[in-house]
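Notes for the structure review
Chain residues, written in single-letter form:
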Amino acid sequence: MASLALTPPVFVILAALIEQRAGLHYAPEDRELLADKVSSRALEAGFESLLDYYYFLRYDPAGPAALDALIDALLVHETYFFRDRLPLEVLVEEILVPRVRAGQRLRVWCAACSTGEEPLTLAMMLADRGALEHVRLVASDLSQRVLDRARRGEYNLRSMRALPAGIEGRYLDVVEGRPRVRAELVAAVDWRRVNLVDAAAISEMGRFDAILCRNVLIYFQDDMARRVVDSLAQALAPGAPLLVGTSESLMRFGTALVCEELRGAFFYVRPKESP
Ligand SMILES: C[S@@+](CC[C@H](N)C(=O)[O-])C[C@H]1O[C@@H](n2cnc3c(N)ncnc32)[C@H](O)[C@@H]1O
């Protein structure tokens, strides 16, 4: 399909609309990339100019739904079971399980869970240590499409590329070449749609004993990432950790969270004396 022209001024207003809605940042060098993705949607909707399509997205009553569908097509959902496993293991073994054994009931939030492999990995790790029933797992994403897939618990073999021995046949079965997570694990997770740029929506989530927000801040500019981290920090109980992706250091933001290393994994902890 031919591409519609995305001129620099239209790129600027369209990229700003997308960033305001979902946090995703497009730099000027990404103009062609964005043009390709937006053009196909605009042409399908019967537009011959991307400026007209922008006005439709911005001002038409049907615009917000079309903008959400466009953003959904722009999101990167790459994830797999046991991805960057060490910090998850340290979280479970050093922080969550000891507290469960001390009689506490905990809440843990995976705040950009994509198709669900990350919260389900946590569920498997907790179940292995007899702690799953004492931990309320909440998992959210902006994309309704990936959440629908997560709720079905059906995966593809790519999701299993880092699966350790002993998981298949216990928590997950491969049926006709399709991995399927056991229903009780999928049901142990409370799946929700939450936009991380929506501070009010985050504050409605309540308090958590740990939050994971891995491999999503990389798509945001520093100001937006700082805002999101500030909102997440408010949702942490005092003393609770935030986990970000291994390439997503928060040190340059000057966050109120304190970076702590535990068994080679890095956590950003809300100070105990914070309000
Ligand atoms: C690369 S995946 C990371 C999945 C998982 N956390 C991991 O590390 O494997 C990034 C996810 O962030 C989600 N995302 C992007 N922008 C978001 C936003 N503003 N609010 C909530 N989720 C968002 C995307 O839909 C996508 O599923």
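Residues numbered from 1 in each chain as written. Predicted model: local features only at pLDDT ≥ 70, side-chain atom pairs only at ≥ 80, totals over all residues. Heavy atoms only, no water.

The name given to the protein in an unreviewed UniProt entry is protein-glutamate O-methyltransferase, and the organism recorded there is Stigmatella aurantiaca. What the UniProt record of the protein gives under Catalytic activity (unreviewed entry) is the line "L-glutamyl-[protein] + S-adenosyl-L-methionine = [protein]-L-glutamate 5-O-methyl ester + S-adenosyl-L-homocysteine". (UniProt positions renumbered as here; feature names shortened; annotations may be inferred.)

On to the packing of helix H1 (residues 8-22) against helix H4 (residues 63-74). Contact geometry of H1 with H4 gives a least axis separation of 11 Å together with a crossing angle of 90°. In this view, H1 runs roughly perpendicular relative to H4, as classed from their interaxial angle. Contacts from Leu17, Ile18, Arg21 and Ala22 of H1 reach H4 at Pro64, Leu67, Asp68, Leu70, Ile71 and Leu74. (Axes fitted to C-alpha atoms, helices over the stretch in contact; angles between N-to-C directions. Helix = DSSP H or I, 4+ residues; strand = E, 2+ residues; numbered from the N terminus. Parallel < 35°, antiparallel > 145°, perpendicular 65-115°, else oblique. Contact = heavy atoms within 4.5 Å.)

Turning our attention to the domain arrangement of the protein. Partitioning the protein into structural domains gives domain 1 (8-74) and domain 2 (85-269). Using C-alpha coordinates to define each centre, domain 1 is positioned 30 Å away from domain 2. With ten residues of domain 1 at the interface, the matching set in domain 2 holds eleven residues. Both sides together, the interface formed by domain 1 and domain 2 hides about 760 Å², and carbon and sulfur atoms give 49% of it. Note that Arg193 is salt-bridged to Asp68, the shortest N-O span being 3.9 Å. (Domains from an automatic or database assignment. Buried area = accessible area lost by both parts, 1.4 Å probe. Salt bridge = Lys/Arg side-chain N within 4 Å of Asp/Glu carboxyl O.)

For the rest of this paragraph, the subject is the site of the ligand. In the neighbourhood of the ligand, 19 residues make up the surrounding shell, with Ala22, Thr79, Ala112, Asp141 and Asn215 lying closest. Taking His77, its side chain carries an N or O atom lying 2.9 Å from an oxygen atom of the ligand. Take Ala112: an N or O atom from its main chain is 2.8 Å from a nitrogen atom of the ligand. Protein coverage of the free-state accessible area of the ligand, which is 610 Å², stands at 99%. Judged by its atoms lying within 2 Å of the grid points, the ligand is housed in the largest pocket. A breakdown of the residues in the shell around the ligand according to their chemical character gives nine nonpolar, five polar and five charged. (Near = heavy atom within 4 Å. Polar contact = N/O pair within 3.5 Å; in protein donor to acceptor, adjacent residues only side chain to side chain. Areas by Shrake-Rupley, 256 points an atom, 1.4 Å probe, with all protein chains shown as cover. 1 Å grid on protein atoms, 1.4 Å probe; cavity = no way out; pocket = protein on both sides within 12 Å on 5 of 7 lines; lining within 4 Å. Sits in = over half its atoms within 2 Å of the grid points. Nonpolar A, V, L, I, M, F, W, Y, C, P; charged D, E, K, R; others polar.)

Before going further, it helps to spend a moment on the pairing of strand S3 (residues 172-175). Both S3 and strand S4 (residues 178-181) contribute to a ladder of four bridges, which runs antiparallel. Across the sheet, the residue bridging to Val174 is Pro179, located in S4. If you look at the hairpin formed by S3 and S4, you'll find two residues sitting between the two strands, and Glu176 has a positive phi there, around 50°. (Pairing = 2+ DSSP bridges.)

This next bit is on helix H3 (residues 50-59). Where H3 is concerned, the buried positions are Leu50, Tyr53, Tyr54, Phe56 and Leu57. Here the buried residues of H3 occupy an arc of 160° about the axis, which is enough to place them on one side. Against H1, helix H2 (31-44) and H4 lie the buried residues of H3. In this structure Ser49 caps H3, since a side-chain oxygen of it lies 3.2 Å from the backbone nitrogen of Leu51. (Buried < 20%, exposed > 50% of the residue type's maximum accessible area, 1.4 Å probe, protein only. Arc of directions from axis to C-beta.)

Attention shifts here to the packing of aromatic side chains. Tallied over the entire structure, the rule returns seven aromatic pairs. Taking 6.0 Å as the distance between ring centres and 25° as the angle between the ring planes, the aromatic pair formed by Tyr53 and Phe56 counts as stacked. Of the two residues, Tyr53 and Phe56 are both situated in helix H3; the distance of three residues between them amounts to about one turn of the helix. Pair check on accessibility: Tyr53 and Phe56 agree, each one buried. Members of the aromatic cluster, each reached through a chain of ring pairs, are Phe47, Tyr53 and Phe56. Lying across the ring of Phe208, Arg107 places its NZ or CZ 4.2 Å from the centre. (Phe/Tyr/Trp six-rings, centres within 6.5 Å; stacked < 30°, edge-to-face > 60°. Lys NZ or Arg CZ within 6 Å of the ring centre and 35° of its normal.)

Turning next to the layout of surface pockets. Approximately 550 Å³ is the volume found for the largest pocket. In terms of lining, the largest pocket is formed by 28 residues, of which the most central are Leu75, Val76, Asn215, Val216 and Tyr219. Residue contributions to the lining of the largest pocket reach at least three from each of two domains, namely domain 1 (8-74) and domain 2 (85-269). (Points joined across faces, edges and corners; volume = space filled by probe spheres on them.)

All right, on to the sheet that holds strand S8 (residues 258-262) then. Strand order across the open sheet formed by seven strands is S5-S2-S1-S6-S7-S9-S8, with mixed pairing between neighbours. Either end of the sheet is taken by a strand with one partner, and the two such strands are strand S5 (189-193) and S8. Neighbour to neighbour, the strand axes of the sheet diverge by 25° on average, direction disregarded. Against the sheet, helix H6 (residues 117-128) makes contact with strand S1 (106-110), strand S2 (135-141), S5 and strand S6 (210-213), and its axis sits at roughly 165° relative to S2, the strand it touches most.

For the rest of this paragraph, the subject is the environment of Tyr54. By secondary structure assignment, the location of Tyr54 is in helix H3. Sequence separation of Tyr54 and Arg149 is 95 residues, and the distance between their C-alpha atoms is 30 Å. Apart from the residues lying within four places of it in its own chain, the contact partners of Tyr54 are Ile13, Leu14 and Leu17.

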